[in-house]
Amino acid sequence: MKIALLGLGSVGRGVAEMVDKKDLGITITAVADSKSGYMDPAGVDIPSLLARKKKTGHCGDTGITVADIIKKATYDALVEVSPTNALTGEPSTEYIRAALGRKKHVVTSNKGPVSLAGKDLRALARKKGVAFRYEATVAGAIPVMHLLEHGLSGNEILSISGVLNGTCNYILTRMADEGLTYDQALLEAREMGYAEADPTYDVQGIDAAIKLVILTNAIWDTGKKLADVERTGIDLLTADALRLAEEDGCTIRLIAESCPKTHVLRVSPRILSKNHPLVVEGTLNALTLTTDMAKEITLIGRGAGSVETASAIIGDLLYIRDQYARRA
Amino acid sequence: MKLEMRDSPGQLVAALKPISDVGGNIIAVIHQREPERDHDTLSVQIVLELPEGKRDKLIKLLKEQGVHVQRIGEKRLLFKRTVILIGHLMHTDLSDTVDRIDSTGFAEVSDLAMSMPAVNDRSSSRITIRAVSKKDMASAMTILRQVARQKSLLLVEPLEDTA
């Protein structure tokens, strides 16, 4: 399977490294970052690509643009992991549309295009007879989309609830365990590289809400948007609140919930018993799916990371290869 | 609950057994001999907690034991929910916040724990609310959410119900 890789940041690098290291039957035939591009229909030499990127900051020739890659390169699937604004979805949405238009499969880790234009993009993919997959957008390495589509097929999904933001979970874990104030825990999260310089997107629950929208639309196809989510962040929580919860055998976590029957679409800090399955430590993510037949299923795993996210992307790619090879 | 039964050996135990049979919890048994009454019968007051919907079954079982139920006084506050409120709790009149729940008549604040940081810092409190039924608890929570919004307090609710 030939792939074109858009973006060579943390996730793109993880994908390239794993494709190089593991015998997956995947060849990278084109790669682009924000400043340059590189094509080799016979397969890009990955170690020299990564070395070049590290040394010069460019992956290839500054004369080759992303648009060139999408339109001209030889590939079966586009792996779209370019730096993208999750609130506008650009430039990633435009790239995905162009590749689907060329009847190429697309796999992305970018939340913006899926949460804003998911319905359109899915329809376009269907029309063109190709796949559009985005396992990596929600809960990192946790294969929730695959579970919903396959393992739980035939089940009616009644509700979902989970911890979808590792940064918030890390901050709350540290506040509970060490009695840190919110500001202290945030500072620590920044030092560990878990929080951005501007933490608003994480701590006010925006990131979790976008992931909740993606999951909700993937399951129920209800066309929800970020603005439909009732959202409360963790930035006003106090160390005392965590202590008061602790005295009661409980703790506080930022929980995303969706249940169409009760019209709940919400991200908010909630009190949970400390032995509740969604109470996970550090940057972990957790997700409980409630269905009519299987009842509750809880998944716990890493929500971010270079290789962890690559796991979700590669899972999508190999699924596409198997599915479409069988059809052909 | 006030019961009347024959004053003979084993009768009190016979009256208590149906309570545990229906999943009830006996909190107190008050047993007074009233001199003016005839000595064939015994009057007993029992304070107990019963799961919802088990009242009629209990009365039926007691009747089968030959126990007469004189009176049932109900104050059922079986649903419990613990929330955390964060903000300027004192400046926004905490006793009024509590009173808004207590004055409903169907729910009450049964426990309150509070932190007292520096004067201008936001304080945090843990509040346990008890209500008669699930529906009343939902109404109490609606009131509390309104109060929290009015007073710009952060209300942290439990993810799951505890009965």
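Because the structure is a prediction, the values reported are computed rather than measured.

**What about the overall build of chain A?**
For step 1, the next point in the chain: When its secondary structure is counted, chain A shows 12 helices and 12 strands.
For step 2, the next point in the chain: Here the C-alpha radius of gyration of chain A, 20 Å, is about what a compact globule of 328 residues would show, namely 20 Å.
For step 3, the next point in the chain: Principal axes of the C-alpha set define a box for chain A whose edges measure 65 × 45 × 35 Å.
For step 4, the next point in the chain: For chain A, the residues scored as buried account for 55% of the 328 residues in total.
For step 5, the next point in the chain: Taking contacts inside chain A between residues at least 6 apart in sequence as the whole, the part at least 24 apart equals 67%.
For step 6, the next point in the chain: Side-chain charges in chain A split into 39 positive and 40 negative, and the spacing between the mean points of these groups amounts to 8 Å.

**Topic: the sheet that holds strand S4 (residues 77-80) of chain A**
In sheet architecture, strand pairing relies on hydrogen bonds along the backbone and comes in two forms, parallel and antiparallel.
For step 1, the next point in the chain: The strand order S3-S2-S1-S4-S5-S6 (chain A) describes an open sheet built from six strands, whose pairing is mixed. Sheet topology places strand S3 (37-39) and strand S6 (132-133) of chain A at the edges, where each strand pairs with a single neighbour.

**Digging into the domain arrangement of chain A**
All names here are of chain A.
For step 1, the next point in the chain: Taken domain by domain, chain A comprises domain 1 (2-140 + 306-327) and domain 2 (147-301).
For step 2, the next point in the chain: Centre-to-centre separation of domain 1 and domain 2, based on C-alpha positions: 28 Å.
For step 3, the next point in the chain: Taken residue by residue, the interface counts 13 residues in domain 1 and 17 residues in domain 2.
For step 4, the next point in the chain: Taken over both partners, the interface formed by domain 1 and domain 2 buries close to 1200 Å², and the fraction arising from carbon and sulfur atoms is 65%.
For step 5, the next point in the chain: Sorting the residues of domain 1 by area buried against domain 2 places Lys-111, Ser-115 and Val-138 first, and these three jointly supply 37% of that buried surface.
For step 6, the next point in the chain: At the boundary of domain 1 with domain 2, the tally comes to four salt bridges.

**Quick word on a nonpolar patch on the surface**
For step 1, the next point in the chain: A cluster of nonpolar side chains, namely Ile-27, Ile-30 and Val-47 of chain B, defines an oily patch on the protein surface of about 240 Å² accessible area.
For step 2, the next point in the chain: Assessed through its relative accessible area of 38%, Ile-30 of chain B is described here as partly exposed.

**A short note on the pairing of strand S2 (residues 27-32) of chain A**
All names here are of chain A.
For step 1, the next point in the chain: Most of S2 is tucked away, with five of its six residues classed as buried.
For step 2, the next point in the chain: Here strand S1 (residues 2-6) pairs with S2 via five bridges, running parallel. What sits directly across from Ile-3, in S2, is Ile-28.
For step 3, the next point in the chain: In this fold, S1 hands off to helix H1 (residues 10-21), which returns the chain to S2; that crossover is right-handed.
For step 4, the next point in the chain: Counting the residues that bridge the hairpin from S2 to S3 gives four residues.

**Digging into the interface of chain A and chain B**
For step 1, the next point in the chain: Each partner contributes to the interface: chain A provides 20 residues, whereas chain B provides 18 residues.
For step 2, the next point in the chain: Here chain A packs against chain B, burying approximately 1500 Å² in sum over the two surfaces, 64% of which is carbon and sulfur.
For step 3, the next point in the chain: Among the residues of chain A in contact with chain B, Leu-244, Arg-270 and Ile-271 of chain A are the three that bury the most area, contributing 37% of the side total.
For step 4, the next point in the chain: Remark: the boundary between chain A and chain B carries one salt bridge.
For step 5, the next point in the chain: Among the elements of the structure, helix H11 (239-247), strand S9 (250-259) and strand S10 (264-273) of chain A are those that each provide at least two residues to the side of chain A that touches chain B.
For step 6, the next point in the chain: Sort the elements by how many residues they give to the side of chain A that touches chain B and H11 of chain A lands first, with six residues.

**Comments concerning H1 of chain A**
For step 1, the next point in the chain: Taking 1.5 Å per residue as the helical rise, H1 of chain A with its 12 residues ought to reach 16 Å, and the 16 Å between its terminal C-alpha atoms agrees with that figure.
For step 2, the next point in the chain: Within the sequence span of H1 of chain A, burial applies to Val-11, Gly-12, Gly-14, Val-15, Ala-16, Met-18 and Val-19 of chain A.

**Let's talk about the packing of aromatic side chains**
Residues and elements named next belong to chain A.
For step 1, the next point in the chain: One pass over the structure, following the stated rule, counts two aromatic pairs over all chains.
For step 2, the next point in the chain: Taking the centre distance of 5.4 Å and the plane angle of 50° together, the rings of Phe-132 and Tyr-134 count as tilted.
For step 3, the next point in the chain: What makes Phe-132 buried here is its relative accessible area of 9%.
For step 4, the next point in the chain: With centroids separated by 4.9 Å and ring planes inclined at 65°, the aromatic side chains of Tyr-170 and Tyr-194 adopt a geometry described as edge-to-face. One end of the pair, Tyr-170, is in helix H7 (residues 166-178); the other, Tyr-194, is in the loop between helix H8 (182-191) and helix H9 (200-203), and 24 residues separate them in sequence.
For step 5, the next point in the chain: On the basis of relative accessibility, which here comes to 10%, the residue Tyr-170 falls in the buried class.
For step 6, the next point in the chain: Just above the ring of Tyr-38 sits the side chain of Arg-52; from NZ or CZ to the centre is 4.6 Å.
For step 7, the next point in the chain: Above the face of the Tyr-75 ring, Lys-104 is positioned so that its terminal group lies 5.4 Å from the ring centre.

Basis of the calculations
Residues numbered from 1 in each chain as written. Chains lettered and ligands numbered in written order. Predicted model: local features only at pLDDT ≥ 70, side-chain atom pairs only at ≥ 80, totals over all residues. Heavy atoms only, no water. Helix = DSSP H or I, 4+ residues; strand = E, 2+ residues; numbered from the N terminus. Rg over C-alpha atoms; globule rule 2.2 N^0.38 Å. Buried < 20%, exposed > 50% of the residue type's maximum accessible area, 1.4 Å probe, protein only. Contact = heavy atoms within 4.5 Å. Lys, Arg positive; Asp, Glu negative; His and termini not counted. Charge placed at Lys NZ, Arg CZ, Asp CG, Glu CD. Pairing = 2+ DSSP bridges. Domains from an automatic or database assignment. Buried area = accessible area lost by both parts, 1.4 Å probe. Salt bridge = Lys/Arg side-chain N within 4 Å of Asp/Glu carboxyl O. Patch = residues over 30% accessible without salt bridge, like charges linked within 9 Å, V, L, I, M, F, W, Y side chains within 5 Å. Areas by Shrake-Rupley, 256 points an atom, 1.4 Å probe, with all protein chains shown as cover. Right-handed = clockwise from strand over helix to strand, strands pointing away. Expected span 1.5 Å × (residues − 1). Phe/Tyr/Trp six-rings, centres within 6.5 Å; stacked < 30°, edge-to-face > 60°. Lys NZ or Arg CZ within 6 Å of the ring centre and 35° of its normal.

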